[in-house]
Structures are given as C-alpha cells and as structure tokens.
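Notes for the structure review
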Amino acid sequence: ILNITPDHLNRHHTMECYAHTKERIAENQTKDDVCVLNMEDEELYRFGSECKASVVWFSSKRKPDKGAYLDGDDIRYTDGTQDKLMLNIHDMNLLGTHNYENVCAAIAMTKAVGIPDDIIIEQVKCFKAVEHRIEYVATKKGVWYYNDSKGTNTDAAVIAIKAFEKPVILLMGGHEKNLDLKDVREQNPLIKTLICFGETKER
C-alpha cells in the first residue's frame, strides 16, 4: 500500500472508511505472506503493528528494520542483517521523491518474491514514467509541457507540483470529490498561474 491520503470521499464519505477499505487488501494474509507498507504514512505505520502478514517497509526519510529506503541520493535495502546499495536516483529516468518511494516499494515487492538484485536494478534503470503521470509532452518556446492527468486528487497534485524546480502553470479541475483544497493552496509560491475547469472550477 503506497499511501492513504484523501480520495474518493464522495463514495467512502470518511477517511476512516477509506483507510479500512484499502487495508482490507491484507485481511486474508498470514505470516507466510508479505505486505509492503509506506513507513512515512502515519496510518500505514499504525496499521503495520496489526497487519497479520510479515511487513516490509519502504521509506524516503529513514532506515526501516526491514525494507527499501532512500539514503541521500542512494536507494538501499536492508533485510535486518545486511544493508545493500541498490542504485543511485541519478541512474533512473524518474523525478521526484514520490517516484523514489515508488521504486523503493517496487524493490521491496520484487525482492519478496525472489527476483535477483541485478534484474531489479536493470529494470529500474531502464523504466520510464508511465503515461499521464508527470509525463513529459514537449517543449515550446522555453516552456516544458507535462501531462499529469492521472493526478486525480489534491495529494497527487501537490506531489506533482513539488517535482518541478521552475514555476508551474497548473491546469486543474474535474469531477467533484469533496476534497479539501488547502494543500494545493499552500503551494501558491510554486504556482505561477492557475487555470481551472470542470465541476470544481468555481471552488
């Protein structure tokens, strides 16, 4: 489980219900199974203590007892006994802390099913961002265009905005999910212009 942040509240109504629904993915697991969780997500850190599976963590801020983690510009993996450098973030075609976390999660999962390290590292190095997730489109007259249409909640929007070093012209809107827009408002220093559309444009 990569994270539990506000989304689909038009259907789940409360964060408690949404979190419980996501955590049900592990309800039929046993200690013989592995559940990979984000150590930096407060709800998932709590859930780790009650999860019936063997928990393997990933983290962008600290070293877990067992799992993959970001250490400066390096991604490392510890099994609780040995600690190994997997690769450097500059060896990848991905930008942003959220992508480094995703790579840590992928490493934790693939190691759990016995994929050799050299294959994991090779595949991470050649992997390119998926369509519609901070996907580079073109550069026109000095402006870089990116498609982030998979970013369908405020948390995803904030992560995308923070991935850029230059001021952002943000096209934002769509269906109403009853999400708080406060986190996006707090990115104002990074947003040069905001263009709104869809059901949510007035709000």
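As the structure is a prediction and not an experimental result, all values here were calculated from the model. (Residues numbered from 1 in each chain as written. Predicted model: local features only at pLDDT ≥ 70, side-chain atom pairs only at ≥ 80, totals over all residues. Heavy atoms only, no water.)

**Things to note about the overall build of the protein**
Quick reminder of the rule: Only runs of H or I of at least four residues qualify as helices and only runs of E of at least two qualify as strands under DSSP, and these elements are numbered from the N terminus. As defined in this context, the radius of gyration uses C-alpha atoms, and a globule is described by 2.2 Å times the residue total to the power 0.38. Contacts are residue-level and defined by heavy atoms, with any inter-residue pair within 4.5 Å sufficient. Note on areas: Shrake-Rupley, 1.4 Å probe, and residue coverage restricted to the protein chains presented here.
Scanning the protein from terminus to terminus reveals seven helices and nine strands. Taken against the 2.2 N^0.38 rule, which gives 17 Å for 203 residues, the C-alpha radius of gyration of the protein at 18 Å falls within 12% of a compact globule. Seen through its principal axes, the protein has C-alpha atoms that stretch 50 × 40 × 25 Å. The contacts of the protein with a sequence gap of at least 6 include a subset with a gap of at least 24, amounting to 42%. When the accessible surface of the protein is summed, it comes to about 12800 Å², and 52% of that surface belongs to carbon and sulfur atoms.

**Considering the sheet that holds strand S2 (residues 54-59)**
Formally: Strand pairing follows a simple DSSP-based rule, namely that at least 2 bridges must link the two strands. Orientation is described by lines fitted to C-alpha atoms, with helices fitted over the stretch in contact, and by angles between N-to-C directions that extend from 0 to 180 degrees.
Spatial strand order, S1-S2-S3-S4-S5: five strands in an open sheet with mixed pairing. Whereas interior strands pair on both sides, the edge strands pair on one side only; in this sheet they are strand S1 (34-38) and strand S5 (83-88). Strand-to-strand twist across the sheet, computed as the mean angle between neighbouring axes with direction ignored, equals 25 degrees. This element, helix H4 (residues 97-112), spans S1, S2, strand S3 (67-71), strand S4 (74-78) and S5 of the sheet and lies at about 30 degrees to S4.

**Description of the environment of Leu181**
Examined against the element boundaries, Leu181 turns out to sit in the loop between strand S8 (168-173) and helix H7 (182-185). Sequence-wise, Leu181 and Asp155 are 26 residues apart; in three dimensions their C-alpha atoms are separated by 9.4 Å. When near neighbours in sequence (up to four residues on either side) are disregarded, Leu181 contacts Thr154 and Arg203.

**Observations concerning H4**
The following threshold applies: What a helix is expected to span follows from its residue count: subtract one and scale by 1.5 Å. Only protein chains enter the accessibility calculation, which uses a 1.4 Å probe. A residue is then buried if its area is under 20% of the maximum for its type, exposed if over 50%, and partly exposed in between.
The terminal C-alpha atoms of H4 lie 23 Å apart, and with 16 residues this matches the ideal 22 Å at 1.5 Å per residue to within 8%. Among the residues of H4, those classed as buried are His98, Asn99, Tyr100, Glu101, Val103, Cys104, Ala105, Ile107 and Ala108. Positive backbone phi, at 85 degrees, marks Gly114, one or two positions downstream of H4.

**What to know about the pairing of S2**
The condition is simple: A crossover counts as right-handed when, viewed with the strands pointing away from the observer, the path leading from the first strand over the helix to the second turns clockwise.
Counting buried residues along S2, five of its six residues qualify, which places the element largely inside the surrounding structure. Sheet analysis places S1 next to S2, joined by five bridges and oriented parallel. What sits directly across from Asn38, in S2, is Phe58. Regarding the hand of the β-α-β motif, the stretch spanning S1, helix H3 (residues 42-48) and S2 is right-handed. In the sheet, S2 pairs with S3 via three bridges, with the strands oriented parallel. Among the inter-strand pairings, Trp57 is bridged to a residue of S3, identified as Gly67.

**What about the nonpolar core?**
This is how it is decided: For our purposes a nonpolar core is just a set of buried Ala, Val, Leu, Ile, Met, Phe, Trp, Tyr and Cys residues, chained together by side-chain atoms within 4.5 Å.
Among the nonpolar cores identified, the biggest contains 21 residues, and Ile75, Met86, Leu87, Met92, Val103 and Ile107 are the most heavily contacted of them. Taken together, the elements giving at least two residues each to this core come down to S2, S3, S4, S5, H4 and helix H5 (117-126). With six residues, the top contributor of residues to this core is H4. Among all residues touching Ile75, those that are not within four sequence positions of it are Tyr69, Leu70, Lys84, Leu85, Met86, Leu87, Ile89, Met92, Tyr100, Val103, Cys104 and Ile107. Listed in part, the 13 residues of the second largest apolar core include Ile4, Ala19, Cys35 and Cys51.

**Examining the side chain of Ser59**
Using the following cut-off: Two N or O atoms form a polar contact when they lie within 3.5 Å of each other; inside protein one atom must be a possible hydrogen donor and the other a possible acceptor, and for residues adjacent in sequence the pair counts only when both atoms belong to side chains.
Considering the arrangement of structural elements, one finds Ser59 in strand S2. With relative accessibility at 0%, the residue Ser59 sits in the buried group. Here the side chain of Ser59 touches Arg62 through a polar contact of 3.0 Å, landing on its backbone nitrogen. When neighbours within four sequence positions are excluded, Ser59 is seen to be in contact with Met39, Glu40, Ala68, Tyr69, Leu70 and Cys104.

**Some remarks on the packing of aromatic side chains**
Where we set the bar: Two aromatic rings, drawn from Phe, Tyr or Trp (for Trp, its six-membered ring), form a pair once their centres lie within 6.5 Å of each other, and the interplanar angle then sorts them: stacked below 30 degrees, edge-to-face above 60, tilted otherwise.
Across all of its chains, the model carries three aromatic pairs by this definition. Taken together, a centroid distance of 5.5 Å and an interplanar angle of 45 degrees make the contact between Tyr45 and Trp57 tilted. On the criterion of sequence distance, the pair formed by Tyr45 in helix H3 and Trp57 in strand S2 is long-range, its members being 12 residues apart. Using a relative accessible area of 42% as the deciding quantity, one classes Tyr45 as partly exposed. Where Tyr136 meets Tyr146, the ring centres are 5.6 Å apart and the plane angle is 70 degrees; that geometry is what we call edge-to-face. Remark: Tyr146 occurs in strand S7 (residues 143-147) and Tyr136 occurs in strand S6 (residues 135-140); sequence separation between them is 10 residues. For Tyr136, a relative accessible area of 45% gives the class partly exposed. Residue classification places Tyr146 among the partly exposed positions, given a relative accessible area of 29%.

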